[in-house]
Amino acid sequence: MIEWGINNGIEWNDKLRVHDFKETGRGVITNDEIKENEILISIPEKFLIHSKSKFSLEKLNPPIISNNKKGITTSKITTIENNLQSPLSIFYRPFHESVNQFNSKQRISFHLIIEKLLKKNSIWYNYLDDLPIDYSITSTYDDKEIEYLGYPIYVEKVFKLKGDMISSFNSFKEILMRNYENDLNRTIIKLNDNGDDDDENNIIKLKEIINFELYKWCWGTIQSRTYYYNRNMKQNQQQQQQQQRQQQFDDKDDCTLVPLADLFNHSSFVDTEAMFNERKQCYQVITKTKFEKDTQVFISYGKHSNFTLMNYYGFIIENNNNNDSIPLIQEDAIPIQLLEEQQQQDLKSYEKKLSILEQYGLSIYGENSKFLITMDKELPFSWNYLSVLKVLLMTKEELNNQLELNLFHYDQPISKSNYEKVLNFLKNLSITQLTQFKNYLNSYNNNNIINYNKNNNNNNNNGGGGGGGGGSDEGGINDIINNGSSIGKRFEISYILENNKKMWEGCIEWVNLQHGSLATEDIFGL
């Protein structure tokens, strides 16, 4: 792979080499010290795979037709129009029309499928042949596995991700079938235009492209291995302005595959800069972290919870305490019954509480997952959530005395009795949630066989790398086996449920400690 890249103009830092690690699978190790701000890799624009990348075979690329014909001679215009009516152009017209009708993710998927089917006729052959044969992102889970996640927020999110993939494929299929008149046996590519049309080695048919398993592979590749790339999005916005379109361009065209850059595994403890260098016309990955000789080089694509990592990258990180959290279900966090009781008891006080929350940028609704619990032993409940509860549980007298100022101006409890009510509410919540997660975990354990490999890295299947959606240094628990007629147990699901159980146990422990502080009246030291 490295040799292929270097031979094709990819600049690979000669202080680096590919290495197989026991915990994280294949990754990158240093031959010598890597300093801060060193370029790890530079990839020419030609080898990026994004929504506007050119196909390896020139005839597959849609003709560029400009609406601005100023400066173009009449003969030149005639030549262009004649070329568009040539037999070759007519043959590939459905292909080009399909490309233009796809959204950005469908175009990348189509590009991957075509290049994969072109085999050695593709300039990306070596790269694509080295990618994983499958992925374990949650959109590839079967429905039963998703349901075993138990927690409604998790189940709803994963079904949404899976639904997005299926919907995208159905639209992809519909576009191709329409443009090729519903003929799955129709030849859409001839490798040699003068070759035998009946030679299977010379043609690619529509039925080879409309393949859900292949599309699912593309989806996993895009979800787990792409880097941020906004050049196409900027161009789309410029075109929109030039054409004075009123509607918003809602296709988030902001990613690219970067060959070899996905060899780097992930760590949340490093800083990385990845961007397209307009001056040099290449994509560069630059480390902001120093690496000693003979150590693994990591990249970072954000500080994410394990649930996010599992969804989009197909792995989790053990002991991801600084980033892990559980979003609370709205009805659990702020029960409707509590709000109704508040309104019935004293509507004016209730409205005043809402006004106070609004004044400080808070709400009884946990928009954008502001109602969270974490592994933080000092404060496992998010400040936003605690603050909302404290205000909601204020008495009329506390409101009249403006004791909310204790909370928002002096970072102190509103009152001892208020804090006690908050703690009682949180203890009941924590016990209920702990019981639920124990039930989720027991259900999963009792209905599945243990069948996983702790040492393999999912995105290193078939020799693939980890960066841009790869492995991790903090656990390396990524490759899950799912064989046979029964569903194998995925470590990710077990870990998520077990870890969430531990979070709620930590919450109960914290509440008990706070109750102990109240008993000694040491509330102002909290």
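The model shown is predicted, which means the values in this text are computed figures rather than measured ones. (Residues numbered from 1 in each chain as written. Predicted model: local features only at pLDDT ≥ 70, side-chain atom pairs only at ≥ 80, totals over all residues. Heavy atoms only, no water.)

### What about the packing of aromatic side chains?
Thinking step 1. With the rule as written, the count across this model stands at 31 aromatic pairs.
Thinking step 2. Note on phenylalanine 381 and tyrosine 385: the rings are 6.3 Å apart at their centroids and 45° apart in plane angle, and the pair reads as tilted. Exposure class is identical for phenylalanine 381 and tyrosine 385. Each is buried.
Thinking step 3. One aromatic cluster in this structure is built from Phe55, Phe91, Tyr92, Phe95, Phe102, Phe110, Phe169, Phe172, Phe212, Tyr215 and Trp219. (Phe/Tyr/Trp six-rings, centres within 6.5 Å; stacked < 30°, edge-to-face > 60°. Buried < 20%, exposed > 50% of the residue type's maximum accessible area, 1.4 Å probe, protein only.)

### Observations concerning the pairing of strand β4 (residues 39-44)
Thinking step 1. The sheet contact formed by strand β1 (residues 11-12) and β4 spans 2 bridges and is antiparallel. Paired with glutamate 11 across the two strands is serine 42, which belongs to β4.
Thinking step 2. When β4 meets strand β11 (residues 282-287), the two strands line up antiparallel, connected through 5 bridges. The partner of isoleucine 41 across the bridge, within β11, is valine 285. (Pairing = 2+ DSSP bridges. Helix = DSSP H or I, 4+ residues; strand = E, 2+ residues; numbered from the N terminus.)

### A look at the sheet that holds β4
Thinking step 1. Reading across the sheet, the 4 strands line up as β1-β4-β11-β10 and stay open at both edges, with antiparallel pairing between neighbours. Only two strands of the sheet have a single neighbouring strand rather than two, namely β1 and β10 (272-277).
Thinking step 2. As paired strands, β10 and β11 are joined by 6 bridges and run antiparallel to one another. Paired with asparagine 277 across the strands is cysteine 282, a residue of β11.

### Focus: the packing of helix α11 (residues 306-313) against helix α19 (residues 491-519)
Thinking step 1. Contact geometry of α11 with α19 gives a least axis separation of 10 Å together with a crossing angle of 165°. By the angle between their axes, α11 is roughly antiparallel relative to α19. Judged by the sense of rotation from one axis to the other, the crossing of α11 with α19 is left-handed. Here α11 contributes Asn306, Phe307 and Met310 to the contact with α19, which in turn contributes Glu492, Ile493, Tyr495 and Ile496.
Thinking step 2. Counted by class, the contact of α11 with α19 contains 5 nonpolar, 1 polar and 1 charged residues. (Axes fitted to C-alpha atoms, helices over the stretch in contact; angles between N-to-C directions. Parallel < 35°, antiparallel > 145°, perpendicular 65-115°, else oblique. Left-handed = near helix turned anticlockwise from the far one by under 90°. Contact = heavy atoms within 4.5 Å. Nonpolar A, V, L, I, M, F, W, Y, C, P; charged D, E, K, R; others polar.)

### Some words on the nonpolar core
Thinking step 1. Counting 73 residues, the largest nonpolar core has Phe95, Phe110 and Ile114 as the members making the most contacts within it.
Thinking step 2. Those residues in contact with isoleucine 114, other than ones at most four positions away along the chain, are Phe55, Leu60, Phe95, Ile188, Ile189 and Ile209.
Thinking step 3. Tyr385, Leu407, Leu426 and Leu518 belong to the second-largest nonpolar core, a separate cluster that totals 61 residues. (Core = buried A, V, L, I, M, F, W, Y, C linked by side-chain atoms within 4.5 Å.)

### A word on the environment of lysine 160
Thinking step 1. Relative to the helices and strands, lysine 160 is located in helix α7 (residues 152-179).
Thinking step 2. Taking C-alpha positions, lysine 160 is 8.4 Å from serine 139, a pair spaced 21 residues apart along the chain.

### Considering unusual backbone geometry
Thinking step 1. Phi angles above zero are rare outside glycine, and leucine 260 is one such case at about 75°.
Thinking step 2. If you trace the backbone, leucine 260 turns up in the loop between β8 (255-257) and β9 (265-266).
Thinking step 3. Note on leucine 260: relative accessible area 0%, which makes it buried.

### Focus on the pattern of salt bridges
Thinking step 1. If you walk through the whole model with that rule in mind, you get 18 salt bridges.
Thinking step 2. The partner of aspartate 253 in a salt bridge is arginine 107, and the shortest N-O contact between them spans 3.7 Å. In this pair, aspartate 253 is assigned in the loop between α10 (231-242) and β8 and arginine 107 in helix α4 (residues 104-118), connecting sequence segments 146 residues apart.
Thinking step 3. For aspartate 253, a relative accessible area of 1% translates into the label buried. (Salt bridge = Lys/Arg side-chain N within 4 Å of Asp/Glu carboxyl O.)

### What to know about the confidence of the model for the protein
Thinking step 1. Taken residue by residue, the protein gives an average pLDDT of 86. The fraction at 70 or more is 83%.
Thinking step 2. Per-residue pLDDT stays below 50 along residues 450-470; that stretch engages in 103 contacts with residues further than four places along the chain or on separate chains.
Thinking step 3. The low-confidence segment residues 475-486 (pLDDT under 50) makes 40 contacts with residues lying over four places distant or belonging to another chain. (pLDDT = per-residue confidence, 0-100.)

### Some remarks on the side chain of aspartate 262
Thinking step 1. Position of aspartate 262 relative to the elements: it lies in the loop between β8 and β9.
Thinking step 2. A polar contact is formed between the side chain of aspartate 262 and the side chain of tyrosine 127, at a distance of 2.7 Å. (Polar contact = N/O pair within 3.5 Å; in protein donor to acceptor, adjacent residues only side chain to side chain.)

### Some remarks on the packing of helix α3 (residues 87-101) against α7
Relative placement of two packed helices is described by the angle separating their axes and the distance separating the axes.
Thinking step 1. Running from N to C, α3 and α7 point in directions that differ by 150°, and their axes come no closer than 9 Å. Classified by the angle their axes make, α3 and α7 are roughly antiparallel. The two elements α3 and α7 cross, and the hand of that crossing is right-handed. Where α3 abuts α7, its residues Pro94, Glu97, Ser98 and Gln101 lie against Ile175, Leu176, Arg178 and Asn179.
Thinking step 2. Of the residues belonging to the contact of α3 with α7, the class tally is 3 nonpolar, 3 polar and 2 charged.

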